[in-house]
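Structural overview for review
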Amino acid sequence: MMNRTEIKAAAVGLGGFLALYFLPVENLRLQNALLEAVYLAHWYAREHVLLCLVPAFLIAGAIGTFVSQGAVLRYLGRDAPRLVAYGVASVSGGLLAVCSCTVLPLFAGIYRMGAGLGPAAAFLYAGPAINVLAIILTARILGPEMGIARAVGAVGFSLVIGVCMHLLFRKEEEARAAAAMALPPPEARAVGWDVALVAALVGILVFANWGAPQEAEGIWAAVYGGKWVLAGSFLLALAALAARLARCAPGELREWLAASWGFAKQILPLLLGGVLVAGLLLGRVGHEGLIPSAWVEAALGGNGVGANLFAAVAGALMYFATLTEVPIVQGLIGAGMGKGPALALLLAGPALSLPNMLVIGSILGVRKTAAFVALVVAMAAASGMVYGTFFN
């Protein structure tokens, strides 16, 4: 007699066999979509894993190893002053200016260290959404009113989403906070070297991924021109700090690397799997997957409820590298996209993606992830409706 586990395994095996047996491999669109999935995963591996995810995993591991749980609870915990908790979460997330996938190890690190769900969710949204350079680029290319609307919407979203997540799961958060309080207090330690190490990692993450500005002059262009010098300086500092740690506390060095590897094992397979699925369905920028781009463009015209909701959902599923969402939206506006759906896509797209959702689900569970995604999509669509009513 087969048990439940064996029945599930047999069903999965049978489903996989039937999918391969009836797969229409002669279909040109399917062939192209499969290639797009591989191309997108190839691009992601080359452009994001080494410079984005590796520093992010190391930062997350450093948070778990060197940052005391008391410090996290003091500024981001359930009992922290609301203004402090949400202010720190939104500002720190915005300063990093990372994409929707790179923010995930950092979010996992602070959440596991005891950050409240509300501030952690605010950080999760703010990291990719509150990007100063992207907002400036939006204002330059799509108009100042669009840039202002994106800035106001992104900051407001991070706070409202955080508060809503806290209220929706208040009882679970109280139980989680009580379990954290029952743990023995961490030992006091000097934090100067720990802060310097985390700062070096953040410097590498920020400057190695600094995007090219639209104009060739100004402070942003100057930083972009010297990005590798700045990133290299932080890398040298990190090497010196890691060498000191190896001499003075080799056990902590091993613990840090083990924690970082733990985040990588949990997150990276889900991210790469999500990137493959996103490439299969939507393709890369300028290339089609299984879903024809004409369908997307036709659904985004006007400023109705359907167009704004579709833009928010499409943005939530697509993967946008940092700063790429602006030229994509510019092209869609040229193809007939309304300004309301354009803002909805700008507010939902950078903060969410299909790979991002898979990883959030592994950290928060299905219910909390569904609530977070629904809040982002609903608020993006509503903001697009309001904006489109006045500026379309």
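Going by the structure above, here's the rest.
About the cut-offs
Residues numbered from 1 in each chain as written. Predicted model: local features only at pLDDT ≥ 70, side-chain atom pairs only at ≥ 80, totals over all residues. Heavy atoms only, no water. Helix = DSSP H or I, 4+ residues; strand = E, 2+ residues; numbered from the N terminus. Buried < 20%, exposed > 50% of the residue type's maximum accessible area, 1.4 Å probe, protein only. Contact = heavy atoms within 4.5 Å. Areas by Shrake-Rupley, 256 points an atom, 1.4 Å probe, with all protein chains shown as cover. Lys, Arg positive; Asp, Glu negative; His and termini not counted. Charge placed at Lys NZ, Arg CZ, Asp CG, Glu CD. Core = buried A, V, L, I, M, F, W, Y, C linked by side-chain atoms within 4.5 Å. Phe/Tyr/Trp six-rings, centres within 6.5 Å; stacked < 30°, edge-to-face > 60°. Lys NZ or Arg CZ within 6 Å of the ring centre and 35° of its normal. Axes fitted to C-alpha atoms, helices over the stretch in contact; angles between N-to-C directions. Parallel < 35°, antiparallel > 145°, perpendicular 65-115°, else oblique. Nonpolar A, V, L, I, M, F, W, Y, C, P; charged D, E, K, R; others polar. Patch = residues over 30% accessible without salt bridge, like charges linked within 9 Å, V, L, I, M, F, W, Y side chains within 5 Å. Salt bridge = Lys/Arg side-chain N within 4 Å of Asp/Glu carboxyl O. Left-handed = near helix turned anticlockwise from the far one by under 90°.

1. Remarks on the overall build of the protein
When its secondary structure is counted, the protein shows 19 helices and 0 strands. Every one of the 392 residues in the protein was classed for burial, and the buried ones make up 47%. Within the protein, contacts between residues separated by at least 24 positions form 82% of all contacts whose residues are at least 6 apart in sequence. Surface accessibility of the protein: about 18,700 Å² in total, with carbon and sulfur atoms responsible for 71%. Considering the protein, the positive charge centre built from 23 side chains and the negative charge centre built from 18 side chains are found 6 Å apart.

2. What to know about the nonpolar core
Within the largest apolar cluster, 113 residues are counted, with the highest numbers of intra-cluster contacts made by Tyr125, Ile161, Met165, Leu197, Trp256 and Phe372. The residues touching Leu197, leaving out its near neighbours within four places in the chain, are Ala62, Phe66, Leu238, Leu241, Leu245 and Trp256.

3. Remarks on the packing of aromatic side chains
In the structure shown here, the tally under the stated rule is 9 aromatic pairs. Between the aromatic rings of Tyr21 and Phe22, the centroid separation amounts to 4.9 Å while the plane-to-plane angle is 75°, which identifies the pairing as edge-to-face. Like Tyr21, the residue Phe22 is exposed in the burial classification. When the ring of Tyr125 is compared with that of Phe157, the centres are 5.8 Å apart and the planes differ by 45°; the resulting orientation is tilted. Of the two residues, Tyr125 is situated in helix α6 (residues 117–129) and Phe157 in helix α8 (residues 144–168); the sequence distance between them amounts to 32 residues. Judged on exposure class, the residue Tyr125 and its partner Phe157 are both buried. An aromatic cluster is built from Phe17, Tyr21 and Phe22, whose rings are joined through pairwise contacts. The lysine or arginine in question, Lys368, covers the ring of Phe169, its NZ or CZ lying 5.2 Å from the ring centre.

4. Examining helix α7 (residues 132–142)
Residues of α7 that are buried: Leu133, Ala134, Ile135, Leu137, Thr138 and Leu142. Its buried side turned inward, α7 meets α8, α11 (219–225), α16 (325–334) and α17 (339–348).

5. Considerations on the packing of helix α2 (residues 28–66) against helix α5 (residues 103–112)
Their axes nearest at 8 Å, the elements α2 and α5 cross at an angle of 5°. Taken together, α2 and α5 sit at an angle that is classed as roughly parallel. Residues Ala56, Phe57, Ile59, Ala60 and Ile63 of α2 form the contact with α5, whose participating residues are Pro105, Leu106, Gly109 and Ile110. Broken down by class, the residue content of the contact of α2 with α5 amounts to 8 nonpolar, 1 polar and no charged.

6. Section: a nonpolar patch on the surface
Taken together, the side chains of Leu14, Phe17, Leu18, Tyr21 and Phe22 make up a nonpolar region of the molecular surface, amounting to roughly 590 Å² of accessible area. Following the sequence through the fold, Phe17 ends up in helix α1 (residues 4–21).

7. Details of the packing of α8 against helix α19 (residues 366–391)
Contact geometry for α8 and α19: axes closest at 10 Å, N-to-C directions at 145°. By crossing handedness, the relation of α8 to α19 is classed as right-handed. Of the residues in α19, those in contact with Glu145, Met146, Ala149, Phe157, Val160, Ile161, Cys164, Met165 and Leu168 of α8 are Lys368, Ala371, Phe372, Leu375, Val376, Met379, Ala380, Ser383, Tyr387 and Phe391. Here the residues of the contact of α8 with α19 are counted per class, giving 16 nonpolar, 1 polar and 2 charged.

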